[in-house]
Amino acid sequence: TDGCYISQDECVALHAGGSDECDLKLFVVWTGTGVGGTALFSSDSRFSAFPPNRIQENVENGVNQAIGNLQGKATDAKDAVDNFFDTVTDSIPFYGGGEEEGGDDVGQG
């Protein structure tokens, strides 16, 4: 617990309560270049590469992207329901679709 902001007693109590706050967390990044001199991109994602405001910025960007994706999926779902409803209502004769031609001649012959 040297250098940790949580004391060992607090960690024991947290663990007893089911928390994973004091569990060891490892973040692995690769630095250098790969085959053909290609840069290894994960080194740009290491926490030490970001000042605190950049971490917040990355989280906000991720949340905004997730919201945008969900809004897009909601729009797609609404469009699919609308198209289905249009297809169903167009196939019901008394609802405006599928009318027979020559209306008055039905049953004559």
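Residues numbered from 1 in each chain as written. Predicted model: local features only at pLDDT ≥ 70, side-chain atom pairs only at ≥ 80, totals over all residues. Heavy atoms only, no water.

## Description of the overall build of the protein
Keep this limit in mind: In DSSP terms, a helix is any run of H or I states spanning at least four residues, a strand is any run of E spanning at least two, and both are numbered starting from the N terminus. Working definition: with a 1.4 Å probe on protein chains only, accessible area under 20% of the residue-type maximum means buried, over 50% means exposed, and in between means partly exposed. Residue contacts are counted whenever heavy atoms from the two residues lie within 4.5 Å of one another. Calculation of accessible area relied on Shrake-Rupley with a 1.4 Å probe; when residues are assessed, cover is drawn exclusively from the protein chains displayed.
Looking only at helices and strands, the protein has two helices and zero strands in total. Of all 109 residues assigned to the protein, the portion counted as buried reaches 6%. Partitioning the contacts of the protein with sequence separation of at least 6, the portion at a separation of at least 24 is 0%. When the accessible surface of the protein is totalled, it reaches about 9,500 Å², and 56% of it is carbon and sulfur.

## Quick look at the state of the cysteines
Formally: In this description, a disulfide is simply a cysteine sulfur pair whose atoms lie within 2.5 Å.
Applying the stated rule across the entire model yields one disulfide. Disulfide pairing is shown between C11 and C22; the S-S distance is 2.0 Å. Torsion about the S-S bond of the C11 and C22 cystine: about -80 degrees, corresponding to left-handed handedness. Pair noted here: C11 is in helix α1 (residues 8–16) and C22 is in the loop between α1 and α2 (52–90), with a separation of 11 residues, a long-range link.

## Topic: the pattern of salt bridges
Stated precisely, the cut-off is as follows: What counts as a salt bridge is simple: a side-chain nitrogen of Lys or Arg found within 4 Å of a carboxyl oxygen of Asp or Glu.
Tallied over the full model, the rule gives one salt bridge. Of the charged contacts in the structure, one is a salt bridge between D82 and K78, with a shortest N-O distance of 2.8 Å. Separated by four residues within a single helix, D82 and K78 lie in helix α2, roughly one turn from each other. Residue K78 is classed as exposed on the basis of its relative accessible area of 53%.

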